[in-house]
Each structure stands twice: as C-alpha cells, then as structure tokens.
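Overview (structure and organization)
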Amino acid sequence: MGLLKFLLIAVAILWLVRVVARLIFPWAMRKMAEKVMGNAQQQYQHQHNNRTQQTKPDGKVRIDYMPPQSKPKNGAKKAGEFVEFEEIKSSAK
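Structural notes, computed from the coordinates. (Residues numbered from 1 in each chain as written. Predicted model: local features only at pLDDT ≥ 70, side-chain atom pairs only at ≥ 80, totals over all residues. Heavy atoms only, no water.)

Each helix and strand counted, the protein has 2 helices and 0 strands in total. Per-residue burial over the protein gives 0% buried out of 93 residues. Of the roughly 10,400 Å² of accessible surface on the protein, a fraction of 61% belongs to carbon and sulfur atoms. (Helix = DSSP H or I, 4+ residues; strand = E, 2+ residues; numbered from the N terminus. Buried < 20%, exposed > 50% of the residue type's maximum accessible area, 1.4 Å probe, protein only. Areas by Shrake-Rupley, 256 points an atom, 1.4 Å probe, with all protein chains shown as cover.)

Moving on, we get to a nonpolar patch on the surface. Judged by side-chain polarity, Trp15, Leu16, Val19, Val20, Leu23, Ile24 and Trp27 come together as a nonpolar surface patch covering roughly 730 Å² of accessible area. Mapped onto the secondary structure, tryptophan 27 falls in helix α1 (residues 2–54). (Patch = residues over 30% accessible without salt bridge, like charges linked within 9 Å, V, L, I, M, F, W, Y side chains within 5 Å. Salt bridge = Lys/Arg side-chain N within 4 Å of Asp/Glu carboxyl O.)

What follows is the structure, given as structure tokens:
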C-alpha cells in the first residue's frame, strides 16, 4: 500500500513539474532572448555613436602613433648595389 501511494505521489509531482515547465520554459527563453537582443542593440548604438563622433572632415589626416625611426645597420650600407634578375630556364634535350 505504501509503495502504491509513493508511486501515485511521484507520478503526480512529475506530471505537475512537466506542466509547469511547459508553461514557464517558453516564457523564460523569450525573456532571455529579449535581454540578449537589448544588450546587442545597446552595443550597436554605442559603437555607432562613437563612430559618428570620431569622423573627420575629408582631407584631414591625423596620425595617432608614429613608430621610432631606426638607423640603417652597417650591413645594409656595405651590402652594395642590388640588381634585379630574371631566371631563364634552358630547354635541354
């Protein structure tokens, strides 16, 4: 008798959990998707606003960073003159 009572209660609880999950899960997923879309839209608007503020008029050049100029090494000075060449393959029979 105790086993039958336990099984009936367990089945009732599992059925109730299943019904509640069918109602709550879609709602929770919808809320999560709205939150993710809202965050993405805020990021897009933030980036778009920054981009429009940073635009410069045409013809204006602005250099933010210029790397330090290195002196040519001694080997490059002594290397001599470089000559371009084209390799010609001979056809040997």
